[in-house]
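Now for the letters of each chain:
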Amino acid sequence: MESSPILQLRNLSKAFPSNNRPAVDNVSLELQQGELLGLLGPSGCGKTTLLRIVAGFEKVSQGQVELAGKVVSDHDKNIPPEKRNTGMVFQDYALFPHLTVAENIAFGLKGKKNLANGGVFHRGRLKNPEIQQRISNVLDLVGLSLLEKRYPHELSGGQQQRVALARAIAPQPALILLDEPLSNLDVQVRHRLRAEIRAILKAAGTTAIFVTHDREEALAISDKIAVMRDGKLEQVGTPEEIYTQPSSRFVAEFVTQANFLTARREGPDWTTEIGKVKLPNALSATECDRAELMLRQEDIILTPDPQNVSDVTVTERQFLGREYRYCLETASGKRLHARTTINNPVPVGSKVNLSVVNNSPLFFPFTSVGQENFKSTPIPA
């Protein structure tokens, strides 16, 4: 039998007087013990407000927050953050500059019944063996066991973030909340630390929610991703589901950075300006005559046109180390992007033929009027 969710949000909404629309709009979501949820979306979509509601920093306008089987927030009640058994990791780390690494982590245990001196923390007095053991355990978990006597200014940004994570883990909360935890770090450190954060949280058996606008970060860390737009949940699923089966054009564009081509039904096929595509079963029974074909960048294969008569031209090529990213322009002026291996680079200015790897193209209902400049030639499979 499946266990009860550690977190359950029911029809959650939050409105601010200064806004015309709710910052969070009728969100329902649940999280199981040990799951890592990424809240992903553009700036202003409501993800940080939702995190603050779960933490207890914002009161709900309507709906209910249930944590570990207990209602902690609804229209009539809002249990304060310090009584919710949650841990928080902030974007700017929020470490105490005058305390050592060990003392910062000990402060995270403040208020626990096993804390020495009646629950009051005093610098340099870490005499309770249970506290010392817990500090030692979490420092080992985050890989900082040799740095316990250093001060925050003596640490790198990545090390400071791991101290902040250790402090949040130390009291063994039911849920840890991370607000853009990697946004202040440089790219190389972010790439390394996102793998470390996932490993640390999994090793601790911790349930966590982290807010990010970085799709690669969400895909790398999460067990489950919730994509938000304008205060609403657009889609919830595993990283694989979100990437391969986006439920809307917004999710497809935001998460996969896909290309979109206007497509028109012609008998059993869909015709686009770069060729024909077979009708997928999902649209075979609809009345839709126009749709948008989604092509991921990695699904497009480009080969030079020896006759130099193709309507597609390479206008830009970027070297990204393991791959090239090409900008392509069609006869109508439509710009497409493709990613390929570094084998057989195609020069800028070349005419190219396009084919697609994906045998199950995704279509979305046509939502806007655009240029139509179709050629009735098939796209090679």
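Up top you'll find the structure we're talking about.
About the criteria used
- Residues numbered from 1 in each chain as written.
- Predicted model: local features only at pLDDT ≥ 70, side-chain atom pairs only at ≥ 80, totals over all residues.
- Heavy atoms only, no water.
- Pairing = 2+ DSSP bridges.
- Helix = DSSP H or I, 4+ residues; strand = E, 2+ residues; numbered from the N terminus.
- Axes fitted to C-alpha atoms, helices over the stretch in contact; angles between N-to-C directions.
- Contact = heavy atoms within 4.5 Å.
- Buried < 20%, exposed > 50% of the residue type's maximum accessible area, 1.4 Å probe, protein only.
- Parallel < 35°, antiparallel > 145°, perpendicular 65-115°, else oblique.
- Left-handed = near helix turned anticlockwise from the far one by under 90°.
- Nonpolar A, V, L, I, M, F, W, Y, C, P; charged D, E, K, R; others polar.
- Core = buried A, V, L, I, M, F, W, Y, C linked by side-chain atoms within 4.5 Å.
- Phe/Tyr/Trp six-rings, centres within 6.5 Å; stacked < 30°, edge-to-face > 60°.
- Lys NZ or Arg CZ within 6 Å of the ring centre and 35° of its normal.
- Lys, Arg positive; Asp, Glu negative; His and termini not counted.
- Salt bridge = Lys/Arg side-chain N within 4 Å of Asp/Glu carboxyl O.
- Polar contact = N/O pair within 3.5 Å; in protein donor to acceptor, adjacent residues only side chain to side chain.

(A) The arrangement of the sheet that holds strand β8 (residues 208-212) in detail. Here we have six strands laid out as an open sheet, ordered β6-β7-β8-β3-β9-β10, and mixed in their pairing. Sheet topology places β6 (86-89) and β10 (232-237) at the edges, where each strand pairs with a single neighbour. Between one strand and the next, the sheet's axes are offset by a mean angle of 20 degrees, whatever the strand orientation. Sitting on the sheet, helix α4 (residues 157-169) touches β6 and β7 (175-179), and the angle it makes with β6 is about 170 degrees.

(B) Layout of helix α1 (residues 47-55). Counting buried positions along α1 gives seven out of nine residues, so the element sits mostly inside the fold. Looking one or two residues beyond α1, the residue adopting positive phi is Gly56, at roughly 105 degrees.

(C) Region of the structure containing unusual backbone geometry. Positive phi outside glycine occurs at Ala94, with the angle close to 60 degrees. Within the fold, Ala94 resides in the loop between β6 and α2 (101-107). For Glu180, which is not glycine, the phi torsion reads 45 degrees and is therefore positive. Checked against the element boundaries, Glu180 lands in the loop between β7 and α5 (187-204). Given the relative accessible area of 12%, Glu180 is considered buried.

(D) Representation of the sheet that holds strand β15 (residues 300-304) within the structure. If you walk across this open sheet you meet the five strands as β15-β19-β16-β17-β18, and the pairing is antiparallel. Strands at the two margins of the open sheet, each flanked by one partner only, are β15 and β18 (335-341). Pairwise comparison of adjacent strand axes, ignoring direction, gives a mean angle of 40 degrees for this sheet. Bridge count for strand β16 (residues 312-319) against strand β17 (residues 323-329) is six bridges, and the pairing is antiparallel. Note on β17: the bridge partner recorded for Phe319 is Tyr324.

(E) Quick peek at the packing of α4 against α5. One way to put it is that α4 packs onto α5 with a least axis distance of 11 Å and a crossing angle of 20 degrees. With respect to α5, the axis of α4 lies roughly parallel. In the crossing of α4 with α5, the sense of the turn from one axis to the other is right-handed. Residues Gly158, Gln161, Arg162, Leu165 and Ile169 of α4 form the contact with α5, whose participating residues are Val189, Leu193, Glu196, Ile197, Ile200, Leu201 and Ala204. Residue classes in the contact of α4 with α5 are distributed as eight nonpolar, two polar and two charged.

(F) Structural context of the nonpolar core. Ranked by size, the top nonpolar core spans 36 residues in total, and within it Ile105, Leu165, Ile176 and Leu201 carry the most contacts. Looking at which element gives the most residues to this core, the answer is α4, with six residues. In this structure, Leu201 is in contact with Leu36, Leu165, Ile169, Ile176, Thr206 and Ala208, ignoring residues within four places of it in sequence.

(G) Main features of the packing of aromatic side chains. Taken as a whole, this structure holds six aromatic pairs when the rule is applied. For the pair Phe319 and Tyr324, a centre-to-centre distance of 5.6 Å together with 55 degrees between the ring planes defines the contact as tilted. Phe319 gets classed as exposed once you look at its relative accessible area, which sits at 54%. The cationic tip of Arg249 hangs over the ring face of Phe260; the distance from NZ or CZ to the ring centre is 3.9 Å. Between the NZ or CZ atom of Arg317 and the centre of the ring of Tyr324, over which it lies, the distance is 4.9 Å.

(H) Spatial organisation of the pairing of strand β3 (residues 36-40). Of all the five residues making up β3, five are buried; the element is thus mostly covered by neighbouring parts of the structure. The alternating pattern of β3 places Leu36, Gly38 and Leu40 and Leu37 and Leu39 on opposite faces, both of which are buried. As judged from the five bridges shared by β3 and β8, these two strands associate in the parallel manner. Residue Gly38 lies in a different strand from β8, and its bridge partner there is Phe210. Examined bridge by bridge, β3 and strand β9 (residues 224-229) share four bridges and lie parallel to one another. Paired with Leu40 across the strands is Val227, a residue of β9.

(I) Quick look at the side chain of Glu180. There is no salt bridge for the buried Glu180, and the closest opposite charge comes from Lys47, which lies 4.5 Å off by N-O distance. There is a polar contact of 3.2 Å between the side chain of Glu180 and the side chain of His213. The contacts of Glu180, once residues within four sequence positions are left out, are Lys47, Gln91, Val211, Thr212 and His213.

Just distances and angles here, no functional claims.
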